[in-house]
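# Summary of the model geometry
Spelled out from the first residue to the last, the chains are:
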Amino acid sequence: MNAFSKKFVAGGFAALMLGGTMVATTIPAAADAGSTIAAGIFGATAGAMLGAAAASAAPPPPPVVYAAPPRCWMERRPVLDPYGYVVGYRPARVCE
């Protein structure tokens, strides 16, 4: 499931819960204990489901940073003999 579909499902679930509470509040109040217990169970279940949906969402990936390629060029470097005298030059790649 990608992030968009998770948000879509969570938003639909939240809309359903809000619609259900609107319907539940239009019913006249009753003084019996059964409806109070049912409302508590319903609220706890809805809260647990919304909390689980929010906790399971993965964080977005880190931003991609592109670095400029190194600047390189060719240079002539001296070739030394065992005594330290220059006997020639060799091309060498140098990068910053």
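Here is a short report on the structure shown in this document. Since we're looking at a predicted model, the values are computed, not measured.

## Some remarks on the pattern of salt bridges
Following the criterion strictly, the structure yields two salt bridges and no others. A salt bridge links Glu96 to Arg71, with the nearest nitrogen and oxygen atoms 3.5 Å apart. Highlighted residues: Glu96 in the segment after strand 2 (86–95) and Arg71 in the loop between helix 2 (33–55) and strand 1 (72–80), separated in sequence by 25 residues. When its relative accessible area of 62% is taken as the criterion, Glu96 is described as exposed. With a shortest N-O distance of 3.3 Å, Arg77 and Glu75 are connected by a salt bridge. Using a relative accessible area of 30% as the deciding quantity, one classes Glu75 as partly exposed.

## Focus: the packing of aromatic side chains
Enumeration over the complete set of coordinates arrives at zero aromatic pairs. The ring of Tyr89 is capped by Arg76, whose NZ or CZ atom sits 4.4 Å from the centre of that ring.

Criteria and thresholds
- Residues numbered from 1 in each chain as written.
- Predicted model: local features only at pLDDT ≥ 70, side-chain atom pairs only at ≥ 80, totals over all residues.
- Heavy atoms only, no water.
- Salt bridge = Lys/Arg side-chain N within 4 Å of Asp/Glu carboxyl O.
- Helix = DSSP H or I, 4+ residues; strand = E, 2+ residues; numbered from the N terminus.
- Buried < 20%, exposed > 50% of the residue type's maximum accessible area, 1.4 Å probe, protein only.
- Phe/Tyr/Trp six-rings, centres within 6.5 Å; stacked < 30°, edge-to-face > 60°.
- Lys NZ or Arg CZ within 6 Å of the ring centre and 35° of its normal.

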